[in-house]
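# Overview (structure and organization)
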Amino acid sequence: MTKIRVLVVDDSVTVRKRLVEVLADDPGLEVVGEGGDGKEAIELCQRLRPDVMTLDMMLPVMTGLAATEYIMAHCPTPILIVSASTNRGELFRTYDALAAGAVDVLEKPGENDVADDWEQRLLSSVKLVSRIKVITHLRGKLGIRGREAAAPAPPESSAERARCAAVAIGVSTGGPAAIQQILRELPRGFPLPILLVIHIGEPFGAALAEWLDAQSPLRVAYARDGEPLPQAGEGRVIMAPPEVHLALRGGRLRFLTTPERHSCRPSVDVLFESVAEELRDRVAACLLTGMGRDGAAGLLEVRRAGGVTMAQDEATSVVFGMPREAILLGAAERVLPLEQFAPAIAALATASPARRPP
């Protein structure tokens, strides 16, 4: 059996030694190199061509973010970020790295972590990330556009407003980059509220809404328990906070601490099922890239209720797990590449019941 070739990069000798020991003990993995700074990470990646690399964000000489941008632009390699960054600025760099093409993120072991549990999470994450077919990201060559680059929305009268009352989106692995792209391409002034569930482990979800807010022409914030669903014309993005389910009940957003669904909390299924029950044919639901099956059953409930349902296609998904499950269930009315989601969502804001998008 061919072993998965792993490159480990961390400036802490202690952390790097532990990572190497855990990875080397697995018979399916081979550590082919170690690095201590971002410049070395690039040089080793180009020379060794590993199947996967673990990368810290806080590195000397060149940061983990800069290394990620260069690697994904010039020698695309599946990257697992292994970081202890918890302050706002460091978390923003982690999200930037995910948007630049890093696949997933794992926290470094803490004092309260059970060693065996963390080691198993590391091994499973490395193996999963190694199977991802990454593509060239031009961010490291061309840069990216920010909020000011968003196109202005066309004039809208109340008579042109959609029958659709809200858009619900669920995403997992590959989520920050996918959501960033969709939000950036929506027109400024998009009038419908967007309810968003992203799977991202603690503590990395703490500032994700703030980061997305800086990337989008729409305001993005975490939901507040009990707040009313905004009316059409008050377009903004409302995101489920970490560790609670987000549901719509009686026109208000509610936090639920019920058990995990598909090992997830927040769960996409919980959100989709609640909007299907509450809004019926006045909601659109989008299921994007991610591992597992969360959101598939919920998307089917939205379709059965008469809502618009969309799933991301295999070619543009980082992991074609959640969308695939939904497609197999017959839950997806439309299967779209990532770049078509923003136009399709924008069309909902001007589509009357008689001319809903096909």
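Further up the page is the structure itself.
Predicted model, so just to flag it, every value in this text is computed and none were measured. What you see as residue numbers is a count from 1 along each chain, following the sequence as written. pLDDT decides what is reported in this predicted model: residues at 70 or higher carry local features, side-chain atom pairs at 80 or more are listed and counted, and totals for whole chains, interfaces and linings draw on all residues regardless. Excluded from the side-chain calculations are hydrogens and water; all other atoms, namely the structure's heavy atoms, are used.

Right, let's get into the state of the cysteines. Between two cysteines, a covalent bond joining their sulfur atoms is known as a disulfide. The definition used for a disulfide is geometric: two cysteine sulfur atoms within 2.5 Å. Summed over the entire model, instances satisfying the criterion amount to zero disulfides. For Cys 164, which is in no disulfide, the shortest distance to another cysteine sulfur is to Cys 286 and amounts to 9.2 Å. Partly exposed residues are those whose accessible area sits between 20% and 50% of the maximum for their type, while under 20% is buried and over 50% is exposed, using a 1.4 Å probe and protein chains only. You can call Cys 164 buried: its relative accessible area is 10%.

On to the sheet that holds strand β6 (residues 166-171), then. With parallel pairing, the seven strands of this open sheet are ordered in space as β8-β9-β7-β6-β12-β13-β14. Strand pairing shows two members of the sheet lacking a second neighbour, β8 (220-222) and β14 (334-336), which therefore form its edges. Averaged over all pairs of adjacent strands, the angle between strand axes in this sheet comes to 20°, irrespective of strand direction. The pairing criterion is simple: DSSP has to find at least two bridges between the two strands. Runs of H or I in DSSP of at least four residues are treated as helices and runs of E of at least two as strands, each being numbered from the N terminus. Of the pairings in the sheet, the one linking β8 to strand β9 (residues 237-239) comprises three bridges and is parallel in character. Across the sheet, residue Val 220 finds its bridge partner in β9, namely Val 237. Here the axes come from fitting lines to C-alpha atoms, over the contacting stretch only for helices, and the angles between their N-to-C directions go from 0 to 180 degrees.

Pairing is parallel in the open sheet, where five strands are placed in the order β2-β1-β3-β4-β5. Of all strands in the sheet, those bounded by a partner on one side alone are β2 (29-35) and β5 (104-107). Taking each pair of neighbouring strands and ignoring which way they run, the sheet shows an average axis angle of 25°. Relative to β2, strand β1 (residues 4-9) runs parallel, the two being bridged by six bridges. By the bridge assignment, Val 9 is partnered in β2 with Gly 35.

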